[in-house]
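# Structural overview
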Amino acid sequence: MELAIYQIDAFAERRFAGNPAAVIPLQTWLPDATLQAIAAENNLAETAFFVRENGKSGPDFHLRWFTPTVEVNLCGHATLASGYVISTYLEPGRTQMSFRSRGGVLGVTRRGDMLALDFPIYRPEKTAMPAGVEKALGRKPAQMLTVHQWLAVYESEAEVAALEPDMAAIVALGKDGIIATAPGEKSDYVCRYFAPHAGIPEDPATGSAQCVTVPYWAERLGKAKLTGRQISARVGTFQCELKGERVDIAGRCVAYLEGKIHVD
């Protein structure tokens, strides 16, 4: 069996920046073990698979995401990349797409050279400083918040940039990894995201992390429209707007690869 594959740099201002995602359109679902094996072979933070839905009402596609080791409940950059593949290669000119997923119904809107996610928000709550967080990140944060992930808040972009995480210690803290964030020097905020439990030591540009950072920074800064930067080695850029219990997360995509894979 031959399948089309696309590799897209998402939330990227140029090629080789942002977060690379593999996108594989399917006619019908393959066994989960095959999907996981493909994702492991790709060895990217996420591989997205989608199948067109048959119903006339409801979402247009069913979308799933796999890291090299597990299926995940929500992924922003691979959703953005899927919207790019559909609107660029499969249905050129299409501007609206909806996806059924483990994370609920998600939307992608194309706006010129930008694409925007319609995602849920997760409001983090203040919590006591967990034991082991200084060892996990290499530097004690000013404040810790929690939802399904840890949110470690620092006072400066330089502190976040200087973090040298201990991946085993991050795994020991539990939850869905740690987002480290601080006020930005050239943006409203910066962040980094560490998810070694899911086979991703540091994710380069995490759309789903903005579901946590945006409500925090919107409240702290007193504004709904925010610019965020994920200051990994590749750097990701996000134009975000808080809209009630949803967040609009916009960015650019750059194509890197188009090809075929062979599956037994």
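Residues numbered from 1 in each chain as written. Predicted model: local features only at pLDDT ≥ 70, side-chain atom pairs only at ≥ 80, totals over all residues. Heavy atoms only, no water.

### Topic: the overall build of the chain
The helix and strand tally for the chain stands at six helices and 18 strands. Its C-alpha radius of gyration of 18 Å places the chain within 12% of the 18 Å reference for a compact globule of 264 residues. The C-alpha extent of the chain, read off along each of the three principal axes, is 50 × 35 × 30 Å. Here the chain holds 264 residues, and 56% of them are scored as buried. (Helix = DSSP H or I, 4+ residues; strand = E, 2+ residues; numbered from the N terminus. Rg over C-alpha atoms; globule rule 2.2 N^0.38 Å. Buried < 20%, exposed > 50% of the residue type's maximum accessible area, 1.4 Å probe, protein only.)

### A word on the packing of aromatic side chains
Considering all chains together, one arrives at nine aromatic pairs under this definition. Arranged with centres 5.8 Å apart and planes meeting at 80°, the rings of F49 and F66 form a pair that is edge-to-face. Of this pair, F49 sits in strand β3 (residues 46–52) while F66 sits in strand β4 (residues 61–66), placing them 17 residues apart in sequence. For F49, a relative accessible area of 0% puts it in the buried group. Note on F50 and F61: the rings are 5.4 Å apart at their centroids and 70° apart in plane angle, and the pair reads as edge-to-face. On the criterion of sequence distance, the pair formed by F50 in strand β3 and F61 in strand β4 is long-range, its members being eleven residues apart. F61 matches F50 in its accessibility class, with the two residues each being buried. Looking at R64, its charged tip hangs above the ring of W29, at a distance of 5.1 Å from the centre. (Phe/Tyr/Trp six-rings, centres within 6.5 Å; stacked < 30°, edge-to-face > 60°. Lys NZ or Arg CZ within 6 Å of the ring centre and 35° of its normal.)

### Considerations on the pattern of salt bridges
The tally for this structure, following the rule as stated, stands at 18 salt bridges. With a shortest N-O distance of 3.3 Å, R252 and E13 are connected by a salt bridge. Note that R252 is positioned in the loop between β17 (246–251) and β18 (253–262) and E13 in the loop between β1 (2–10) and β2 (19–26), a separation of 239 residues in sequence. Linked by salt bridges that have partners in common, D32, R64, E71 and R102 make up one network. (Salt bridge = Lys/Arg side-chain N within 4 Å of Asp/Glu carboxyl O.)

### Some words on the layout of surface pockets
Here the largest pocket is characterised by a volume of approximately 380 Å³. Lining the largest pocket we find 23 residues, and of these V72, N73, L74, D176 and Y193 sit closest to its centre. Listing elements by their share of the lining of the largest pocket, those giving two or more residues are α2 (76–90), β13 (189–195) and β14 (200–203). Residue composition of the lining of the largest pocket, grouped by class: nine nonpolar, ten polar and four charged. (1 Å grid on protein atoms, 1.4 Å probe; cavity = no way out; pocket = protein on both sides within 12 Å on 5 of 7 lines; lining within 4 Å. Points joined across faces, edges and corners; volume = space filled by probe spheres on them. Nonpolar A, V, L, I, M, F, W, Y, C, P; charged D, E, K, R; others polar.)

### As for the pairing of β13
In terms of burial, β13 is largely enclosed, as seven of its seven residues are buried. Residues Y189, C191, Y193 and A195 line one face of β13 and the alternating positions V190, R192 and F194 line the opposite face, and both faces are buried. In this sheet, β13 lies alongside strand β12 (residues 178–183) in antiparallel orientation, the contact comprising six bridges. Across the sheet, A182 pairs through a bridge with V190, a residue of β13. As consecutive antiparallel partners, β12 and β13 are separated by five residues. One ladder, built from three bridges, connects β13 with strand β15 (residues 225–230); its direction is parallel. In the sheet register, C191 faces β15, and the bridge partner there is Q230. Inspection of the sheet shows β13 paired to β14 by two bridges, in the antiparallel sense. From the neighbouring strand, Y193 faces β14, where its bridge partner is D203. The hairpin formed by β13 and β14 contains four residues between the paired strands, and G199 there has a positive phi angle of roughly 80°. (Pairing = 2+ DSSP bridges.)

### Side note on unusual backbone geometry
The phi torsion at F11 lies on the positive side, around 55°, for a residue other than glycine. Following the sequence through the fold, F11 ends up in the loop between β1 and β2. With phi around 65°, K175 is a residue other than glycine that occupies positive phi space. Its place among the elements puts K175 in the loop between α5 (167–172) and β12. Given the relative accessible area of 40%, K175 is considered partly exposed.

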